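Remarks on the overall topology
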Amino acid sequence: MARFTLPRDLYHGPNALEALKTLPGKRAMICVGGGSMKRFGFLDRAEAYLKEAGMEVELFEGIEPDPSVETVMKGAAAMEKFQPDWIVAIGGGSPIDAAKAMWIKYEYPDITFEDMCKVFGIPPLRRKAHFCAISSTSGTATEVTAFSIITDYQKGIKYPIADFEITPDVAIVDPELAHTMPKKLVAHTGMDAMTHAVEAYVSTAHCDYTDPLAIFAIRMIQGDLVDSYNGDMSKRDSMHNAQCLAGMAFSNALLGIVHSLAHKTGAQYDLPHGCCNAIMLPYVIQYNAKECMERYADIARALGLPGSTAKQLTNSLVEEIRRLNKCVGIAPTFKGEGVDESLFKSTVDFVAENAIKDPCTGSNPRVPTVEDLKKILECAYYGVDVTF
């Protein structure tokens, strides 16, 4: 038996933020990041709408990019003190991911971070609070997913928390919030969304419910990302929808080793998650093609790429991903993104050994070994095609 889970309600389009007025409750805690939501007035609007709904509102501000275990524990303590019945997370993937983990700890104060990371092992939530997610970036799609990424900086590892329990109850996809993204963030989040959709389409857990979402998202991203990057706000609006569709797909179909490796390289090399995904994706397609070439060929056909055989079409897809990366200013290799060779060599074994244990590895179409992952990393550092 398989399962397909999404938020109960998804509000989208211009002025979707006003849906906050309709939430029934007494107390809401807003979790937010470093300042852009306040600077552009969205935080004040969200707070005003919740107060209009009759709620007392408290803010938990300053959630950092790639949120830490320590931030999660601080936020959960603030929730325990305030006792909200709504947790409202607004911003990019980081504040929403952090708020999801805080939510677990708030509902179960004795749970450890290690217990949170047990895949699909979280006990039932919503005993104390419901969750509303409002995304300002067009990539993570955490507003509709069963995932959260939290970083343990002492270990230098990003840990995915995966459970349908943390799928938000309400998602708000208001394109106006995405207009605030700087250019580099548009690039990284856009290629993150592309990776979500591609990995979902070839995942061992893909199904008839996830395939249409993934393939349509891929087509939208191919058509809209570069123009969005170059300032076309109508395409920016479209990308905000495309990333959400990709999120619906991967939350239910799961992911693969692009993400397993990105979770580890991002922490080790201090690179944004979407940038790591973008670099890794062409090399992982080449690696996985031995097991799912026809699936990649399907994607290439949907994008109108050239080729008369599955191999030719898969090669075209690899080149198309590389073209998109170049168009949005992402280097084709980790070396090109400035990762020092001595750092790479000193961490490659650690990254590979930890990536093999990542939850995303289990749904990759080709079963990798630690040595395979190490070789893929070397290819992605030096720019060598994967041929094994």
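Here is a short report on the structure shown in this document.

About the cut-offs
Residues numbered from 1 in each chain as written. Predicted model: local features only at pLDDT ≥ 70, side-chain atom pairs only at ≥ 80, totals over all residues. Heavy atoms only, no water. Helix = DSSP H or I, 4+ residues; strand = E, 2+ residues; numbered from the N terminus. Buried < 20%, exposed > 50% of the residue type's maximum accessible area, 1.4 Å probe, protein only. Contact = heavy atoms within 4.5 Å. Areas by Shrake-Rupley, 256 points an atom, 1.4 Å probe, with all protein chains shown as cover. Lys, Arg positive; Asp, Glu negative; His and termini not counted. Charge placed at Lys NZ, Arg CZ, Asp CG, Glu CD. Axes fitted to C-alpha atoms, helices over the stretch in contact; angles between N-to-C directions. Parallel < 35°, antiparallel > 145°, perpendicular 65-115°, else oblique. Nonpolar A, V, L, I, M, F, W, Y, C, P; charged D, E, K, R; others polar. Left-handed = near helix turned anticlockwise from the far one by under 90°. Phe/Tyr/Trp six-rings, centres within 6.5 Å; stacked < 30°, edge-to-face > 60°. Pairing = 2+ DSSP bridges. Salt bridge = Lys/Arg side-chain N within 4 Å of Asp/Glu carboxyl O. Patch = residues over 30% accessible without salt bridge, like charges linked within 9 Å, V, L, I, M, F, W, Y side chains within 5 Å. Polar contact = N/O pair within 3.5 Å; in protein donor to acceptor, adjacent residues only side chain to side chain.

1. Observations regarding the overall build of the protein chain
In terms of regular secondary structure, the protein chain is built from 14 helices and 8 strands. For the protein chain, with 388 residues in total, the buried portion stands at 61%. Residue pairs at least 24 apart in sequence account for 78% of intrachain contacts in the protein chain once pairs closer than 6 positions are excluded. Surface accessibility of the protein chain: about 14,900 Å² in total, with carbon and sulfur atoms responsible for 52%. Considering the protein chain, the positive charge centre built from 38 side chains and the negative charge centre built from 49 side chains are found 1 Å apart.

2. Focus: the packing of helix 7 (residues 183-202) against helix 10 (residues 257-269)
Interaxial distance between helix 7 and helix 10 falls to 9 Å at its minimum, and their mutual angle equals 140 degrees. Considered as vectors, helix 7 and helix 10 are oriented oblique to each other. Residue-level inspection shows D192, T195, H196 and E199 of helix 7 in contact with helix 10, the latter providing I257, V258 and H259. Broken down by class, the residue content of the contact of helix 7 with helix 10 amounts to 2 nonpolar, 3 polar and 2 charged.

3. Digging into the packing of helix 7 against helix 11 (residues 273-302)
Axis separation between helix 7 and helix 11 bottoms out at 9 Å; the angle between their running directions is 25 degrees. Taken as axis vectors, helix 7 and helix 11 run roughly parallel relative to one another. Remark: the crossing between helix 7 and helix 11 carries left-handed chirality. Residues H188, M191, D192, M194, T195, V198, Y201 and V202 of helix 7 pack against H273, G274, C275, N277, A278, L281, C292, R295, Y296, D298 and I299 of helix 11.

4. Observations concerning the packing of aromatic side chains
Across all of its chains, the model carries 11 aromatic pairs by this definition. Considering the side-chain rings of F344 and Y382, the 6.2 Å spacing of their centres and the 85 degrees angle between planes classify their relative orientation as edge-to-face. Taken together, the residues F344 in helix 13 (residues 341-355) and Y382 in helix 14 (residues 370-382) connect sequence positions 38 residues apart. Through a chain of ring-to-ring contacts, three or more aromatic side chains come together here, namely Y269, F334, F344, Y381 and Y382.

5. Comments concerning the sheet that holds strand 4 (residues 86-91)
If you trace the 6 strands from one edge of the open sheet to the other, you get 1-8-5-4-2-3, paired in parallel fashion. One side of each edge strand has no neighbouring strand; the edge strands of this open sheet are strand 1 (9-12) and strand 3 (56-60). The mean angle between the axes of side-by-side strands here comes to 15 degrees, regardless of whether they run parallel or antiparallel. When strand 2 (residues 27-32) meets strand 3, the two strands line up parallel, connected through 5 bridges. What sits directly across from I30, in strand 3, is L59. Where helix 2 (residues 42-52) meets the sheet, it contacts strand 2, strand 3 and strand 4, and its direction lies at approximately 170 degrees from that of strand 2.

6. Quick look at the pairing of strand 2
Here strand 2 lies mainly inside the structure; 5 of its 6 residues are buried. Where strand 2 lies against strand 4, 5 bridges are found, and the strand directions are parallel. Bridge pairing links A28 to W86 in strand 4.

7. Overview of the pattern of salt bridges
One pass over the full model with this rule turns up 22 salt bridges. Taking the shortest distance from any N to any O, the salt bridge between E294 and R301 comes out at 3.8 Å. For E294, a relative accessible area of 49% gives the class partly exposed. Look at R301 and you get partly exposed, because its relative accessible area is 44%. Note that E341 and K345 form a salt bridge whose closest N and O atoms lie 3.7 Å from each other.

8. What to know about a nonpolar patch on the surface
Residues F4, L6 and Y209 make up a contiguous nonpolar surface patch of about 310 Å² in total accessible area. Along the chain, the position of L6 falls in the segment before strand 1. By relative accessible area, L6 is classed as partly exposed at 32%.

9. Regarding the environment of M280
Checked against the element boundaries, M280 lands in helix 11. For M280, a relative accessible area of 0% gives the class buried. In this structure the C-alpha to C-alpha distance between M280 and A380, which are 100 residues apart in sequence, comes to 6.2 Å. When near neighbours in sequence (up to four residues on either side) are disregarded, M280 contacts V258, L261, F334, I376, L377 and A380.

10. Focus on the environment of D85
Take D85: it is sitting in the loop between helix 3 (69-82) and strand 4. Overall, the relative accessible area of 21% leaves D85 in the partly exposed class. D85 sits 43 residues away from K128 along the chain, and the two C-alpha atoms are 5.8 Å apart. Polar side-chain contacts of D85 include one of 3.0 Å to the backbone nitrogen of K26.

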